[in-house]
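# Coordinate analysis (summary)
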Amino acid sequence: MPTLLTGATGYIGSYVAARLLEAGEPLNVLVRARRAQDAAERLWQAWQLHFDFHRFSELARTRVTVYTGDITLPHFGLDDPAYGRLVSTTDSVLHVAASLNRRSEKSCLNVNLRGTLEVIQAARRAAALHGLRRFSHVSTVAVAGCRSHETVAEDQAVDWDRSDYDPYARTKKFCEHMVRELLPDVPRTIFRPSIVLGDSRRPETTQFDMVRAFVFLARLAALPLRPGDRIDIVPVDYVADAVAALHQKAQADHEIYHLSSGDGSETYRQITDALAKAGGGRRPIYLPWLERPFAGAVSLLAGGRGRIGRGATLLQVFFPYLVWDTVFENGRVASELGRRPAPFSGYCEGLLRFSLEHRFRYPYREWPRESGAPTP
């Protein structure tokens, strides 16, 4: 029977979908759209990073069942027959969908909390009806809250007495709590990616927010950072490989996995040297005493027009995670996969060049109207 996959039109979700489909696993996917054709076109836009249209059409026709709904609505907004089919045919659940809007409490509460609760309710109904093989939840290392100069293990990450940086981290932490409390008898796997940035195998990407932030930093002559601080960046292909492999495994060794670079996390000096080389620019100097003034200036510039305003807005969101010098142990996933993720400095040049050449936009291909391809 199929796996119910949420977030299939997102960046990480598209990679996970591609891995599962190529492994022969059928999928039930929930897509927010009014009509079946709109849903198919949204999937094509997200999945064309992985498939040409012929392969996409073949997979969508033979291995994918699309439900046009919304995870924040009761029964996903589906009518009773459709919801009944979804529940009765779902063998496992892989919940990837989330609001990444760190500035919006409303969005995070609605999508992350209400949406996750609705996905859990569907999982509980499937488990009661015929059993559930696994419930996998994609969370984030940000559930660790405010940290400084630490290496964090999976079982020590959540500390309810510790403050959170933003609504995204706060709601994702509670989502993990709901999964544990409401699915006590279902095999569970919780994945916590660190900063997901680029694909180690190819330069193309459809996610540019963090790339913009790093380009902005790379172009500064002076950085308000400590050059020896580490930043935990992981490529999306490693994250997807881990999620797909461990979700399909009959019995995972652990319940929680950090999908991170761990001890392999690089320092800012290593990364900015690589970015400067890729962009042909000069290496920046480091002035860590400027951290507070810089944060204040970023707040003033955020929301402004042009490249500086956009860059400042992104940095305002991500800056707390850039100065915390915290990495996350990844021995569990490295042991299960038999390998560790590629370092960011090893593939950042291609990512940077692709992003600049395409002005931080992916060259999407339209649905070929003349193809006559059936809607999945």
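Overview of the structure.

Calculation criteria
- Residues numbered from 1 in each chain as written.
- Predicted model: local features only at pLDDT ≥ 70, side-chain atom pairs only at ≥ 80, totals over all residues.
- Heavy atoms only, no water.
- Helix = DSSP H or I, 4+ residues; strand = E, 2+ residues; numbered from the N terminus.
- Rg over C-alpha atoms; globule rule 2.2 N^0.38 Å.
- Buried < 20%, exposed > 50% of the residue type's maximum accessible area, 1.4 Å probe, protein only.
- Contact = heavy atoms within 4.5 Å.
- Axes fitted to C-alpha atoms, helices over the stretch in contact; angles between N-to-C directions.
- Parallel < 35°, antiparallel > 145°, perpendicular 65-115°, else oblique.
- Left-handed = near helix turned anticlockwise from the far one by under 90°.
- Nonpolar A, V, L, I, M, F, W, Y, C, P; charged D, E, K, R; others polar.
- Phe/Tyr/Trp six-rings, centres within 6.5 Å; stacked < 30°, edge-to-face > 60°.
- Core = buried A, V, L, I, M, F, W, Y, C linked by side-chain atoms within 4.5 Å.
- Disulfide = S-S within 2.5 Å.
- Salt bridge = Lys/Arg side-chain N within 4 Å of Asp/Glu carboxyl O.

Before going further, it helps to spend a moment on the overall build of the protein. Check the secondary structure of the protein and you find 13 helices and 15 strands. Relative to the compact-globule value of 21 Å for 376 residues, the protein shows a C-alpha radius of gyration of 21 Å, a close match. Along the three orthogonal principal directions, the C-alpha set of the protein runs to about 60 × 55 × 40 Å. Looking at the 376 residues of the protein, the share that counts as buried comes to 54%. Within the protein, contacts between residues at least 6 apart in sequence are counted, and of these 81% link residues at least 24 apart.

Checked against the element boundaries, Ser260 lands in the loop between β12 (256-259) and β13 (266-267). Note on Ser260: relative accessible area 0%, which makes it buried.

Before going further, it helps to examine the packing of helix α5 (residues 105-130) against helix α6 (residues 167-182). At a minimum axis distance of 9 Å, the contact between α5 and α6 shows a crossing angle of 15 degrees. Our classification of the angle between α5 and α6 gives roughly parallel. Seen from above, α5 lies across α6 with right-handed handedness. For the pair formed by α5 and α6, the contact residues are Glu105, Cys108, Leu109, Asn112, Leu113, Thr116, Leu117, Ile120 and Arg124 on the first element and Pro167, Tyr168, Arg170, Thr171, Lys172, Phe174, Cys175, Met178, Val179 and Leu182 on the second. Residues of the contact of α5 with α6, tallied by class, amount to 12 nonpolar, 3 polar and 4 charged.

In this section: the packing of aromatic side chains. Scanning the entire structure with this criterion turns up 19 aromatic pairs. Where Tyr321 meets Trp324, the ring centres are 5.2 Å apart and the plane angle is 90 degrees; that geometry is what we call edge-to-face. Exposure remark for Tyr321: the relative accessible area of 6% places this residue in the buried category. Overall, the relative accessible area of 7% leaves Trp324 in the buried class. When the ring of Phe354 is compared with that of Tyr362, the centres are 6.3 Å apart and the planes differ by 45 degrees; the resulting orientation is tilted. Neither Phe354 nor Tyr362 differs from the other in exposure class; each is buried. Through successive ring pairs, a cluster of aromatic residues spans Trp44, Trp47, Phe53, Phe56 and Trp367.

For Gly145, the position within the fold is in the loop between β5 (135-138) and β6 (150-152). For the pair formed by Gly145 and Arg162, sequence separation is 17 residues and the distance between their alpha carbons is 6.0 Å. If sequence neighbours within four positions are ignored, Gly145 has contacts with Arg162, Ser163, Asp164, Tyr165 and Trp324.

So, about the nonpolar core. Leu5, Trp47, Phe56 and Ile233 are the most contacted members of the largest nonpolar core, which totals 81 residues. Ranked by size, the runner-up nonpolar core spans 25 residues in total, among them Tyr67, Ala82, Ala126 and Met178.

Within the structure shown, the criterion is met by 0 disulfides. Of the cysteine sulfurs around Cys108, a residue in no disulfide, the closest is that of Cys175, at 9.4 Å. Assessed through its relative accessible area of 0%, Cys108 is described here as buried. Cys146 takes part in no disulfide bond, and the closest cysteine sulfur, belonging to Cys108, lies 15 Å away. Take Cys146: its relative accessible area is 26%, and that puts it in the partly exposed class.

Right, let's talk about the packing of helix α4 (residues 80-89) against α5 for a bit. The interhelical angle for the contact between α4 and α5, taken along N-to-C directions, is 65 degrees, at an axis separation of 8 Å. Of the two elements, α4 crosses α5, and the hand of that crossing is right-handed. Each of Tyr83, Val87 and Ser88 in α4 lies in contact with α5, whose residues at this interface are Glu118, Gln121, Ala122, Arg125, Ala126, Leu129 and His130. Residues of the contact of α4 with α5, tallied by class, amount to 5 nonpolar, 3 polar and 2 charged.

Within this structure, the stated rule accounts for 28 salt bridges. Between Glu58 and Arg55 there is a salt bridge, and its shortest N-O distance comes to 2.9 Å. Here Arg55 and Glu58 lie together in helix α3 (residues 53-63), a separation of 3 residues that amounts to about one turn. With a shortest N-O distance of 2.5 Å, Lys249 and Glu336 are connected by a salt bridge. In this pair, Lys249 sits in the loop between α8 (236-248) and β12 while Glu336 sits in helix α12 (residues 331-337), placing the two residues 87 residues apart along the sequence. If you follow the salt bridges from partner to partner, you end up with Glu176, Arg180, Arg188, Arg192 and Glu255 in one network.

Shape is all these values report; function is a separate question.
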